[in-house]
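# A look at the structure
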Amino acid sequence: MSDLDPDLAGLPLVDHHCHGLVRRDLTRAEFESMLTEAAGPSALGGSLFDSQVGLAVRRWCPPVLDLPAHAPAAEYLDRRAELGADEVNRRMLTATGTGTFLLDTGYLPEPITSPAQLAALAGGRAREVVRLEALAEEVLAEEVGAAGFAERFRTRLAARTAGAAGVKSIAAYRVGLGLEGARPADAEVARAADRLLAGGGRLRVADPVLHRFLVWCGIDLGLPVQFHVGYGDADVDLHRCDPLLLTDLLRATEPAGVPVMLLHNYPFHRNAGFLAQVFGHVFVDVGLATHNVGHRSGAVLRELLELAPFGKVLFSSGVFGLGELYLLGTLLFRRGLGRYLAEGVAEDAWTTADAVRVAAMIGAGNAERAYRLS
């Protein structure tokens, strides 16, 4: 970009947190269920097309499928079925202009695209982000025993992340973010693993000691550690997902100098911006919220940027399932950031050169630096 484009249409992007895409054709009910973090649309609430994200789909996605903007939902879904899921996904991903995708591969409710498959659809590149809890449950299922779990997990994580960009914790879903900072000793980890194994049934890591252990294992490998924060599906107790609850752990991990990535953050994005300012290793985004709040996405991004240093803000889509959401996540991010920076130029808050530089940092540069992608 030689000059500031308020749409930032040519801005290179690194999507530092996303998931694979569903490759089968979808019914209307299945499509709508992917427009919400709920289990699906409710008969009491009407159609998800009558929401910010639903209206954004109708505004921005039809032209990619050779339909006019604001095409009726039924017409759009008919055209989608006519083209088939793979072609729709290819068109949507290509239209994002995203060059690099960092995929959390730990959520697999059904077969979805692998990092390599998604990169091929987009004409870009992809790297894996390893979900800590999923790997821990895999190790525990091997009957290694509680006493041998800690060492076996460290060995497995080192091998599994040899080509990965980072690791991710979903402690927010399991126990909340109020984790102590202290690194647990192996004996403490063994007792926690023993409690889990003694419980019988499905192995599901949901113990503060084990979550702290997993995070410290990622820190010890020097890998950026992602945390789900805030907005998610109905499994999340949102009041336990405020990133301020991570303060003790952030204080303890800061000396290691390993990046900690706070994902999503809505509706706590201002709190996340504060943490990015006061802790040198904390980075933030508003992925997932961007497409879900639709027309209001620019306002959410502006609130994040009130306090978060521009060098600590990343782009992510946070998308699962639908190629349309990749398109919306990138397009609404570009427009929101571009208009915010253009306003600052018009009001003499910063220069055009500053705005162009900041856009490049947030779009890709910060992620390339933090994840050492170059």
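Residues numbered from 1 in each chain as written. Predicted model: local features only at pLDDT ≥ 70, side-chain atom pairs only at ≥ 80, totals over all residues. Heavy atoms only, no water.

### Here we look at the overall build of the protein
Helices and strands together make up the secondary structure of the protein, namely 16 helices and seven strands. For the protein, the C-alpha radius of gyration of 21 Å lies close to 21 Å, the compact-globule estimate for 374 residues. In terms of overall dimensions, the protein has a C-alpha envelope of 60 × 50 × 40 Å along the principal axes. For the protein, the proportion of contacts with a sequence separation of at least 24, taken over those separated by at least 6, is 75%. (Helix = DSSP H or I, 4+ residues; strand = E, 2+ residues; numbered from the N terminus. Rg over C-alpha atoms; globule rule 2.2 N^0.38 Å. Contact = heavy atoms within 4.5 Å.)

### A look at the packing of aromatic side chains
According to the stated counting rule, one finds eleven aromatic pairs in the structure shown. Centre to centre, the rings of phenylalanine 101 and tyrosine 326 are 5.8 Å apart; their planes meet at 80°, and the pair counts as edge-to-face. Residue phenylalanine 101 is found in strand β2 (residues 98-104), and its partner tyrosine 326 is found in helix α15 (residues 323-346); the two are separated by 225 residues along the sequence. Residue classification places tyrosine 326 among the buried positions, given a relative accessible area of 0%. Ring pairing ties together the aromatic residues Phe31, Phe49 and Tyr76, which thus form one cluster. The positively charged end of arginine 59 is found above the aromatic ring belonging to tryptophan 60, 3.7 Å away from the centroid. The ring of phenylalanine 283 is capped by lysine 312, whose NZ or CZ atom sits 5.5 Å from the centre of that ring. (Phe/Tyr/Trp six-rings, centres within 6.5 Å; stacked < 30°, edge-to-face > 60°. Buried < 20%, exposed > 50% of the residue type's maximum accessible area, 1.4 Å probe, protein only. Lys NZ or Arg CZ within 6 Å of the ring centre and 35° of its normal.)

### A word on the sheet that holds strand β7 (residues 282-284)
Sheet strands associate in pairs through backbone hydrogen bonding, adopting either a parallel or an antiparallel arrangement. Ordered in space as β1-β2-β3-β4-β5-β6-β7, the seven strands form an open sheet in which the pairing is parallel. Across the chains shown, the open sheet's two edge strands, defined by having one partner strand only, are β1 (13-18) and β7. With direction set aside, neighbouring strand axes in the sheet form an average angle of 25°. Strands β2 and β3 (125-131) of the sheet are contacted by helix α5 (residues 115-122), whose axis makes an angle of about 160° with β2. (Pairing = 2+ DSSP bridges. Axes fitted to C-alpha atoms, helices over the stretch in contact; angles between N-to-C directions.)

### Some words on the pattern of salt bridges
Inspection of the entire model under this criterion finds 29 salt bridges. With its nearest N and O atoms 2.6 Å apart, the salt bridge here joins glutamate 324 to arginine 80. With glutamate 324 in helix α15 and arginine 80 in helix α3 (residues 73-83), this residue pair connects regions lying 244 residues apart in the sequence. For the pair glutamate 324 and arginine 80, a shared accessibility class is recorded, and that class is buried. Here arginine 156 makes a salt bridge to glutamate 142, at a shortest N to O gap of 2.8 Å. Of this pair, arginine 156 sits in helix α7 (residues 146-160) while glutamate 142 sits in the loop between α6 (132-140) and α7, and the two are 14 residues apart along the sequence. Because the salt bridges share partners, they merge into one network encompassing Asp66, Arg79, Glu82, Glu87, Arg90 and Arg91. (Salt bridge = Lys/Arg side-chain N within 4 Å of Asp/Glu carboxyl O.)

### A look at α6
An α-helical segment advances 3.6 residues per turn. Residues three or four places apart therefore align on the same side. With seven of its nine residues buried, α6 lies for the most part within the structure. Listed as buried for α6 are Leu132, Glu133, Leu135, Ala136, Glu137, Val139 and Leu140. On its buried side, α6 packs onto β3, α7, β4 (166-169), α8 (171-174), α9 (186-198) and α10 (208-220).

### Considering the environment of proline 109
Mapped onto the elements, proline 109 comes out in the loop between β2 and α5. Judged by its relative accessible area of 49%, proline 109 falls in the partly exposed class. Spatially, the C-alpha atom of proline 109 lies 17 Å from that of alanine 29, the residues being 80 residues apart in sequence.

### A word on the environment of valine 225
Mapped onto the secondary structure, valine 225 falls in strand β5 (residues 225-229). Taking relative accessible area as the criterion, valine 225 reaches 0% and is therefore assigned buried. Taking the C-alpha atoms as reference, valine 225 lies 4.9 Å from valine 260; in sequence the two are 35 residues apart. Setting aside residues up to four positions removed in sequence, valine 225 forms contacts with Val167, Val215, Gly218, Ile219, Pro259, Val260 and Met261.

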